[in-house]
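What follows is the residue order along each chain.
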Amino acid sequence: MVMMRLSFLMACFLAAGGPAGASPALEFFEDKVRPLLIGHCYECHSAEHKIKGGLRLDHQAGWETGGDSGPALKPGDPAGSLLLRAVSYEDRDLKMPPRKKLSAAQTTILQEWIASGAFDPRSEVPGDAANGPTNGKTLPAGALWSFQPLAAPPQPSVKQVTWPRDPIDHHILAVLEEAELAPIQDAPPEVLVRRLFFDLTGLPPGAGDLTALGPESYDTLVDRLIGSEAFAERWGQHWLDITRFAESSGGGRTLPFKDAWRFRDYVIKSIHHGVPVDQMIREHLAGDLLDAPSGADRARQLSATAFLALGPTNYEEQDKGVLRMDIIDEQLETIGRSFMGMTIGCARCHDHKFDPVTTRDYYALAGIFRSTRTLRDYTSNVAHWIDRPLPSDPALEKALHQKEQQLASLQTELKQTTALIKKRSAQTGPGPAGQPVQAKDLPGIVVDDSAATLVGPWKPSTYFPGHVGKGYVHDEGAAKGTCTATFLPQIPETGRYEVRLSYAPSPNRAKKVPVHLLHADGEEDLTFDQSITPPLEGRFVSLGTFRFEKDGAGFILISNEGTAGIVTVDAVQLLPENAALAAAPPHPENPSAEAPLQDRQKQLQAEIKKLQTTPPFQPETMGVEEDAAPADCAVHIRGNIRNLGPAVPRGFISSLAIPGIPAIPPDQSGRLQLAQWITHPQNPLTARVMVNRVWMHLFGEGLVRSVDNFGVTGEPPTHPLLLDLLAHDFIKDGWSLKKLVRRIVRTRTWQLASLPAPEASWSTRLATDPDNRLLWRANRRRLDAHALRDAILTVSGRMDTTFLGPNVKAGSIDANSTEAQTLEYSYVFADLRRSLYAPAFRNRRLEIFEHFDFADINGPIGQRTRGTIVPQALYFLNHPFIIEQSRAAATRLARLHPESAEPHRRIDWLWRSLLGRPPTPAEHRQALEFLSAPLPPSPSPSASEEDRWSQLIQTLFATADFRFLD
């Protein structure tokens, strides 16, 4: 499937014949192929380093010509490509790279690249090693249209002086007249009303809204819709798309973001209350650093910074240095694409090959986010985002303080009770060495083999009874080098702990069992002898005393590599150095004397659990914090975190110097200054990108059709003067989204019909501008997945109109909680709220989202794809959601119009509610014929009649007139 997709993208590029069509194949090369070649091949096959075997892989002609063995690649033929055979290690005498074989994933990248045609934009030959690498295609900022200063253009003159209603219309008409084209007629009122409702609110108009509109009533309707909560929800969803909003981390061990909904609500409320777009961007990047007049403002600004934490993150990554830089890279790429239409991430490994962004620029920006904490710590086995407490009202603060005091008192008593039980148990010992013992009856921190991570064919056993827990495991003396057991103790307090291992001894056991131990001060490789009886209590052997940190990343790993004899694994015990076990009071002769302590322990545990799960709760949000020690970031040569170059002072893109931006103080990260730089009126990108996004949502295509890419490989604007006019006026109007939307939908251009009148000829228009880039008509558009689902729920009457608030019924979000890890995969999507409230999991979405082009939220979605596939038709034919909503709509129809003997009013209501227009005479006749056809045999005639209406409604749901917007 991946190879088919890449082949299709390559075909699209060849058909397009230009940079814009190349973007998917180009992105694959830049994101996947080029970094792989640089990291693993350039060292031996580039002019920058050396050229072995005559083969160069630093430009296209290099692999086409090949080296001593001939061409390295055969585009479209992975099996016949010498390069793929070398990296696969299939040939004993040809193994590349020679030091270490590529991973399976890296080999797959090369295979897919070659299979799709081996697209390679590196047409220029780099300089030799003496002259250093070149930056062949990178343009200076002054040569790129999007980097030009923003200015208000003059209004062009037009011949049809009575046609325009707004300067926007003047610009559109001037370009049309220059091309000797004319706009078609205005859209009829019912078409215009349906378009207005869906574009502004994402919901269909009611049957009663389809009335004739005059200029005054139209403006009144526009203002009513823009002021509605539905407008904030619709345009909030557009904003959530570009900020890659999600409620889980994605990946294999996906974790739910329990407080992500606060960011979603922040966006909706900000749009509803008219918060300027530039202020929203500043709050996204530095809300925690802005002044807040009130606690409510502070809570809102903190919630906004969740933007920086919502990315797809592999919290299991054990190399925390890699994890840290991957998060920074994702943040920079999202900021660049969302707000400035730039692919900043390309410069992580090398100067941008096309746009004026250097590697130094990248690491100047990276230093800002390296001086920002996005993770709670960099030592936990499974990392975690930062939860920031939110201000609350005085009454709640008082209740929370009382709850914290009560909880602290119970936890202190539980700790003391538990310690006393363990001390008494330690004094008398856990029992005879030849008898089993439970982990809970042993002092210290005990991790049984049942709680360890076991890899390899370990076999459980209880043959030797002196084990901890229900038994132990052993390797049967076989599968050497493949069995490991990893113990991850949860350290409650930082300190020094004696590490003990229990095992089942026997003369046939291995004498040198390897142990790898990670503690706070480093790592240890030890061995111990399992052929002798454990020296401590006949059950344990001590490995020594080491320091561990609270919630740190320590572990104990036992393996059978290089062993001779059977290896057994039972349990690990950590005893705090200051336990003073010898001073424990003598155990009472009566064992039952301990029962009251154990009963109290259970009682305290139950009380604590109940208190923790009972309101009130401290409101929290995902967010970021300033690092305690802000510092500049060194260049990571070729993107490698362990191959460092010189440090780069924190700053911005050097080719976009903006006067008046304050320097970054040494004790600050620079996020506040970055936010000011991005939203500065003299930044030529941000306003252009934002107004282009609004235009795209209202017309179906942007003035710049590559809405996320304002660089060299993106498309230039079709109306550059109009784009600058909109951006200039957007800033002048205070970055107001509502004013911009109101202005555009009142233009003559937006109100054009999508099809010409029957008597009009449009062959000339189609021949001159087949893609409607000059906007001589409105674009017919398909409703996106959110609007489709919301329209269906609206017609059925089942829509839950609850405004704002959480919608994921999540349990614990502890990183090690099974409930948290499986929540996404087992979640039942049963709610009926608007689609933007549906849980936004990264691995699993509502089926209608997957079928109708809204499945991937791992990055900004500036413009959703518009695919047409068979499952879309099958969804309307067979999916339970469509069937259920069709039946609900039929029930609602019978309630609204109970006179079943007179179906004409029902038919008229259905067409107006679903299609936004009355039925044609032919449609009315066909509906009557369908409804009057003989009913199939049924035990319930009334049910059969309602089913017939339900089938008619389902048929209308599947029509193009319902799914498309004229």
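Since we're looking at a predicted model, the values are computed, not measured.

1. Overview of the overall build of the protein
Then comes step 1: Counting its secondary structure elements, the protein contains 30 helices and 20 strands.
Then comes step 2: Out of the 966 residues in the protein, the part that is buried amounts to 52%.
Then comes step 3: Here the contacts in the protein between residues at least 6 apart in sequence split such that 71% fall between residues at least 24 apart.
Then comes step 4: Here the protein displays about 42,400 Å² of accessible surface, and carbon together with sulfur accounts for 55% of that area.

2. Concerning the pattern of salt bridges
Side chains that differ in sign of charge can pair as their charged atoms come close.
Then comes step 1: Considering all chains together, one arrives at 52 salt bridges under this definition.
Then comes step 2: Put simply, Lys-440 and Asp-441 hold a salt bridge, and the shortest N to O gap is 3.4 Å.
Then comes step 3: Take Lys-440: its relative accessible area is 67%, and that puts it in the exposed class.
Then comes step 4: With its nearest N and O atoms 2.9 Å apart, the salt bridge here joins Arg-693 to Asp-708. Residue Arg-693 is found in helix H18 (residues 686-699), and its partner Asp-708 is found in the loop between H18 and helix H19 (720-732); the two are separated by 15 residues along the sequence.
Then comes step 5: Residue classification places Asp-708 among the buried residues on the basis of a relative accessible area of 15%.
Then comes step 6: A cluster of three or more residues bridged by salt bridges with shared partners is formed by Arg-780, Arg-917, Glu-923, Asp-961 and Asp-966.

3. Regarding the sheet that holds strand S13 (residues 568-569)
Then comes step 1: One open sheet accounts for three strands, arranged S5-S6-S13; its pairing is antiparallel. With partners counted over all chains shown, the strands left at the sheet margins are strand S5 (459-461) and S13, one partner each.

4. Observations regarding empty space enclosed by the protein
Then comes step 1: Summed over all chains, the structure comprises 10 cavities of 30 Å³ or more.
Then comes step 2: Approximately 150 Å³ is the volume attributed to the largest cavity.
Then comes step 3: Surrounding the largest cavity, Trp-235, His-238, Trp-239, Ile-242, Ile-271, Val-277, Met-690, Arg-693, Val-694, His-697, Phe-730 and Leu-737 form its lining.
Then comes step 4: Put simply, the parts of the chain that give the lining of the largest cavity at least two residues each are helix H9 (229-242) and H18.
Then comes step 5: Residues of the lining of the largest cavity, tallied by class, amount to nine nonpolar, two polar and one charged.
Then comes step 6: Reported here for the second largest cavity is a volume of approximately 80 Å³.
Then comes step 7: If you go around the second largest cavity, you meet 13 residues; those closest to its centre are Gln-237, Phe-245, Ala-840, Arg-845 and Phe-854.
Then comes step 8: In terms of residues, the lining of the second largest cavity owes the most to one element, H9, which gives three residues.
Then comes step 9: Class assignment for the residues of the lining of the second largest cavity results in eight nonpolar, three polar and two charged.

5. Some remarks on the environment of Val-648
Then comes step 1: Here Val-648 shows up in strand S18 (residues 644-648).
Then comes step 2: Residues Val-648 and Val-635, spaced 13 residues apart in sequence, show a C-alpha to C-alpha distance of 6.9 Å.
Then comes step 3: In this view, Val-648 contacts Arg-360, Tyr-363, Ala-364, Asp-632, Cys-633 and Val-635; residues no more than four positions away in its chain are not counted.

6. Quick look at the side chain of Ser-248
Then comes step 1: Examined against the element boundaries, Ser-248 turns out to sit in the loop between H9 and helix H10 (260-272).
Then comes step 2: A relative accessible area of 1% means that Ser-248 is categorised as buried.

7. Some thoughts on the nonpolar core
Then comes step 1: By size, the foremost hydrophobic cluster in this structure holds 167 residues, and its most contacted members are Leu-200, Trp-677, Trp-695, Leu-698, Val-741 and Leu-910.
Then comes step 2: Those residues in contact with Val-741, other than ones at most four positions away along the chain, are Leu-200, Ile-226, Phe-231, Trp-235, Val-694 and Leu-698.
Then comes step 3: With 28 residues, the next largest nonpolar core counts Ile-445, Tyr-497, Val-515 and Leu-574 among its residues.

8. As for the packing of H9 against H18
Then comes step 1: As a packed pair, H9 and H18 sit with axes 12 Å apart at the nearest point and diverge in direction by 125°. The pairing of H9 with H18 is recorded here as oblique in orientation. In this structure, H9 crosses over H18, and the sense of that crossing is right-handed. On H18, the residues that touch Trp-235, His-238, Trp-239 and Ile-242 of H9 are Met-690, Arg-693, Val-694, His-697 and Leu-698.
Then comes step 2: Its residues assigned to classes, the contact of H9 with H18 shows six nonpolar, two polar and one charged.

9. Concerning the confidence of the model for the protein
Then comes step 1: Scored by pLDDT, the protein has a mean of 86; 89% of the residues are at 70 or more.
Then comes step 2: Predicted confidence for residues 128-138 stays below pLDDT 50, and this span has 23 contacts to residues more than four positions away or in other chains.
Then comes step 3: Low confidence marks residues 579-593, where pLDDT is under 50. Its contacts with residues over four positions away, or in another chain, come to 16 contacts.

10. A few points about the sheet that holds strand S10 (residues 522-528)
Then comes step 1: Ordered by their spatial adjacency, five strands build an open sheet running S4-S7-S12-S9-S10, and the pairing between neighbours is antiparallel. Looking at which strands have only one partner, the edges of the open sheet turn out to be strand S4 (453-455) and S10. Pairs of neighbouring strands in the sheet enclose a mean axial angle of 15°, with direction left out of account.
Then comes step 2: Sheet topology note: the strand S9 (residues 513-519)/strand S12 (residues 555-559) ladder contains four bridges and is antiparallel. Bridge pairing in S12 links His-516 to Leu-557.

11. Regarding the pairing of S10
Then comes step 1: As judged from the seven bridges shared by S9 and S10, these two strands associate in the antiparallel manner. Following the sheet pairing, Leu-518 is matched in S10 by Glu-523.
Then comes step 2: Once S9 ends, the chain turns through two residues before running back antiparallel as S10.

12. A word on unusual backbone geometry
Then comes step 1: The linkage connecting Pro-615 with the following residue, Pro-616, adopts the cis geometry, with an omega of 5°.
Then comes step 2: Mapped onto the fold, Pro-616 is located in the loop between helix H16 (595-612) and strand S15 (620-623).
Then comes step 3: Within the chain, Trp-735 stands out as a residue other than glycine whose phi angle is a positive 55°.
Then comes step 4: Along the chain, Trp-735 falls in the loop between H19 and helix H20 (737-745).
Then comes step 5: Residue classification places Trp-735 among the buried residues on the basis of a relative accessible area of 4%.
Then comes step 6: We note that Leu-804 has phi near 70°; this positive angle belongs to a residue other than glycine.
Then comes step 7: Within the fold, Leu-804 resides in the loop between helix H22 (785-796) and helix H23 (818-826).
Then comes step 8: Judged by relative accessible area, Leu-804 falls into the buried class, the value being 16%.

13. Notes on the packing of aromatic side chains
Then comes step 1: Scanning the model with the defined rule gives 24 aromatic pairs in all.
Then comes step 2: Aromatic ring contacts, followed pair by pair, group Phe-29, Trp-63 and Trp-113 into a single cluster.
Then comes step 3: Residue placement shows Arg-195 over the ring face of Trp-750; its charged tip is 5.4 Å from the ring centre.

14. Comments concerning helix H8 (residues 215-226)
Then comes step 1: Over its 12 residues, H8 extends 17 Å from the first C-alpha to the last, a length consistent with the 16 Å expected when each residue adds 1.5 Å.
Then comes step 2: Listed in full, the buried residues belonging to H8 are Tyr-218, Leu-221, Val-222, Leu-225 and Ile-226. Along the long axis of H8, the arc covered by the buried residues comes to 125°, so they all point the same way. Residues of H8 that are exposed and point over 90 degrees away from its buried face: Glu-216 and Thr-220.
Then comes step 3: On its buried face, H8 sits against helix H7 (189-201), H9 and H20.

Cut-offs applied
Residues numbered from 1 in each chain as written. Predicted model: local features only at pLDDT ≥ 70, side-chain atom pairs only at ≥ 80, totals over all residues. Heavy atoms only, no water. Helix = DSSP H or I, 4+ residues; strand = E, 2+ residues; numbered from the N terminus. Buried < 20%, exposed > 50% of the residue type's maximum accessible area, 1.4 Å probe, protein only. Contact = heavy atoms within 4.5 Å. Areas by Shrake-Rupley, 256 points an atom, 1.4 Å probe, with all protein chains shown as cover. Salt bridge = Lys/Arg side-chain N within 4 Å of Asp/Glu carboxyl O. Pairing = 2+ DSSP bridges. 1 Å grid on protein atoms, 1.4 Å probe; cavity = no way out; pocket = protein on both sides within 12 Å on 5 of 7 lines; lining within 4 Å. Points joined across faces, edges and corners; volume = space filled by probe spheres on them. Nonpolar A, V, L, I, M, F, W, Y, C, P; charged D, E, K, R; others polar. Core = buried A, V, L, I, M, F, W, Y, C linked by side-chain atoms within 4.5 Å. Axes fitted to C-alpha atoms, helices over the stretch in contact; angles between N-to-C directions. Parallel < 35°, antiparallel > 145°, perpendicular 65-115°, else oblique. Left-handed = near helix turned anticlockwise from the far one by under 90°. pLDDT = per-residue confidence, 0-100. Phe/Tyr/Trp six-rings, centres within 6.5 Å; stacked < 30°, edge-to-face > 60°. Lys NZ or Arg CZ within 6 Å of the ring centre and 35° of its normal. Expected span 1.5 Å × (residues − 1). Arc of directions from axis to C-beta.

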